[in-house]
Amino acid sequence: MNRTYVPGKTYYRLPPCPAYDIAKTESWLSDLAEEGLFLAKDGFFAGVATFEGREPAHVKYRLEAIQKIDGFFSNAGLEPDEEQLELSEKYSWEYVAKRKDFFIYRSLDPDARELNTDPEVHALTLNAVKKRQREAVCTAVFLLLLYPILITRGCVLLMTIALGTWCASLGFLWGVLTLVDEIVAFVYLKKTQKCLQSEGHYRFAPDWRKHARSYFLRKAMKNAVAVLLPFD
Amino acid sequence: MPRKSMVILTEAMFYVLMALQKNEMCGTDIADAIDAVTDGRVPMGPATLYTILAKFEKEKYIKETNVEGRKRTYAITDRGREAFDAELVRLNRCIQDAKRAEEGQI
């Protein structure tokens, strides 16, 4: 579908894959750039990506794992390291935006030196993201499985009856979807890291169109459940 | 099977330690030095370089000696020199083994 985008105009798109899916995110952004949509500066917010219309071009996008995200009052993890930014610009890479655990860079130079030139070192960068994701899985397991048992003192069934079928069912569904998402993210990051270490690349299954529909459905279902839950 | 990080240095890691052998340097200078020494054969990507520097600092192979604005200068430590020397010995042994194999000695 060859759609023309007006230069300078802003467009909004929903990402077709999770933030941890590096290959698909890069592929999606590059494909959109070839149609004339360039990711806007700081263009990710609340799960929506903002794009600017420009002349179509072949653009490389690369995701860089954020190494350190400090507490609420710290700037660590909000912007890339300044010295690293300077060196990246020297090699024709421009920092564009941040999406969850990754900084996003782009280059219009097809011969630009890659941000990551050593696959084993690249695999190391995913340790920090994997660690945070492992913590997210543990938190999800605690809040969704152990905590209900603890606060009801084992009487989960009684609590379910007290809440009512719909509320309990929606809550259970939301909990399962959340837990599965966190576990899948962790497993995917581990797989990406292994692929980097053994094969030197992470670009397995980069076709973002392949599971986009199921991703949107899952996300819509989870958001719908989260919205309906307080009203039940 | 992936090598354990820091037991055997990757080529990029080796060249970072090599660049710091004689002088303290900042990240940009390290990248330029590696380009010069290898004649561009070992391209050092910015993300790779700064990951290695962070890892080396954590492992105490290098230390930060000066910060001027956004520029941070690093120097190699004794532990770093030992790691570099050990890797150099290992690489030399690989070359000797290859030569012996070529000459039919093994």
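Residues numbered from 1 in each chain as written. Chains lettered and ligands numbered in written order. Predicted model: local features only at pLDDT ≥ 70, side-chain atom pairs only at ≥ 80, totals over all residues. Heavy atoms only, no water.

Asks: Could you clarify how one ought to interpret the overall build of chain A in this entry?
Replies: Across its full length, chain A holds six helices and six strands. Counting only C-alpha atoms, chain A reaches 65 × 40 × 35 Å along its principal axes. Every one of the 232 residues in chain A was classed for burial, and the buried ones make up 42%. The long-range share in chain A, meaning contacts at least 24 apart out of those at least 6 apart in sequence, stands at 68%. For chain A, the exposed surface amounts to about 13200 Å²; the carbon and sulfur share of it is 62%. (Helix = DSSP H or I, 4+ residues; strand = E, 2+ residues; numbered from the N terminus. Buried < 20%, exposed > 50% of the residue type's maximum accessible area, 1.4 Å probe, protein only. Contact = heavy atoms within 4.5 Å. Areas by Shrake-Rupley, 256 points an atom, 1.4 Å probe, with all protein chains shown as cover.)

Asks: How should I be thinking about the overall build of chain B in this particular structure?
Replies: Of regular secondary structure, chain B possesses four helices and three strands. What you see in chain B, going N to C, is helices and strands ordered as α-β-α-α-β-β-α. In terms of its C-alpha atoms, chain B occupies a principal-axis envelope of roughly 55 × 30 × 25 Å. Expressed as a percentage of its 106 residues, the buried residues of chain B come to 43%. Within chain B, contacts between residues at least 6 apart in sequence are counted, and of these 47% link residues at least 24 apart. By element, 49% of the accessible surface of chain B is carried by carbon and sulfur atoms, the whole surface being about 6200 Å².

Asks: Would you mind going over the sheet that holds strand E5 (residues 94–99) of chain A with me for this structure?
Replies: The strands making up a sheet associate through hydrogen bonds between their backbones, and the pairing can be parallel or antiparallel. Residues and elements named next belong to chain A. The sheet built from three strands is open, its strands ordered E4-E6-E5 with antiparallel pairing. With one partner strand each, in any of the chains shown, strand E4 (60–65) and E5 form the two edges of the open sheet. Averaged over all neighbouring strand pairs, the angle between strand axes comes to 30°, with direction disregarded. By the bridge criterion, five bridges tie E5 to strand E6 (residues 102–107) in an arrangement that is antiparallel. In the strand pairing of E6, Glu94 is matched with Arg106. (Pairing = 2+ DSSP bridges. Axes fitted to C-alpha atoms, helices over the stretch in contact; angles between N-to-C directions.)

Asks: In this structure, what is going on with the packing of helix H1 (residues 11–19) of chain B against helix H4 (residues 78–102) of chain B? I would like to understand it.
Replies: In a packed pair of helices, the relevant descriptors are the angle between the two axes and the axis-to-axis distance. All names here are of chain B. At a minimum axis separation of 10 Å, H1 and H4 run at an interaxial angle of 125°. By the angle class used here, H1 and H4 are oblique. Once H1 is placed against H4, the crossing between them reads as left-handed. Only Gly80, Ala83, Phe84, Glu87, Leu88 and Leu91 of H4 make contact with H1, whose side of the interface consists of Phe14, Leu17 and Met18. Split by residue class, the contact of H1 with H4 holds seven nonpolar, one polar and one charged. (Parallel < 35°, antiparallel > 145°, perpendicular 65-115°, else oblique. Left-handed = near helix turned anticlockwise from the far one by under 90°. Nonpolar A, V, L, I, M, F, W, Y, C, P; charged D, E, K, R; others polar.)

Asks: Even after reading the chapter, I still don't get the environment of Thr48 of chain B, so can you show me in this structure?
Replies: Along the polypeptide, Thr48 of chain B turns up in helix H3 (residues 46–58). Overall, the relative accessible area of 0% leaves Thr48 of chain B in the buried class. Along the backbone, Thr48 of chain B and Tyr74 of chain B are 26 residues apart, and their C-alpha atoms lie at a distance of 16 Å. Leave out the neighbours within four places in its chain, and Thr48 of chain B touches Leu115, Asn116, Thr117, Asp118 and Val121 of chain A together with Ala12 of chain B. Among the polar contacts listed, one links the side chain of Thr48 of chain B to the backbone nitrogen of Asp118 of chain A, at a separation of 3.5 Å. (Polar contact = N/O pair within 3.5 Å; in protein donor to acceptor, adjacent residues only side chain to side chain.)

Asks: For this particular structure, what's the right way to read the pairing of E4 of chain A?
Replies: With six of six residues buried, E4 of chain A is to be regarded as a mostly interior element. Here E4 of chain A shows a buried face lined by Lys60, Arg62 and Glu64 of chain A and a second buried face lined by Tyr61, Leu63 and Ala65 of chain A.

Asks: Hey, could you run me through the sheet that holds strand E1 (residues 25–26) of chain B in this one?
Replies: Residue and element names in this part refer to chain B. Reading across the sheet, the three strands line up as E1-E3-E2 and stay open at both edges, with antiparallel pairing between neighbours. Two strands lie at the open edges of the sheet, namely E1 and strand E2 (62–68), each paired on one side alone. Here E1 runs beside strand E3 (residues 71–76); their pairing, made up of two bridges, is antiparallel. Residue Met25 lies in a different strand from E3, and its bridge partner there is Tyr74.

Asks: Sorry, what's going on with the side chain of Gln133 of chain A here?
Replies: Within the element layout of this structure, Gln133 of chain A appears in helix H3 (residues 119–151). Other than its neighbours up to four places away in sequence, Gln133 of chain A contacts Glu182, Ala185, Phe186 and Leu189 of chain A.

Asks: Could you clarify how one ought to interpret the interface of chain A and chain B in this entry?
Replies: The accessible area lost on association of the parts is a frequent measure of interface size. Contacts between the two partners involve 21 residues from chain A and, on the opposite side, 26 residues from chain B. Taken together, both faces of the contact between chain A and chain B bury some 2100 Å²; the carbon and sulfur share is 54%. Of all residues in chain A, Glu83, Leu87 and Arg113 of chain A bury the most surface against chain B, accounting for 28% of the area lost on that side. Taken together, chain A and chain B are joined by five salt bridges. Across the pair Asp35 of chain B and Arg113 of chain A runs a salt bridge, and its minimum N-O distance is 3.0 Å. At the junction of chain A with chain B, the criterion picks out 15 residue pairs in polar contact (both at pLDDT 80 or more). Taken together, the elements giving at least two residues each to the side of chain A that touches chain B come down to helix H2 (82–90) and H3 of chain A. The element contributing the most residues to the side of chain A that touches chain B is H2 of chain A, with seven residues. (Buried area = accessible area lost by both parts, 1.4 Å probe. Salt bridge = Lys/Arg side-chain N within 4 Å of Asp/Glu carboxyl O.)

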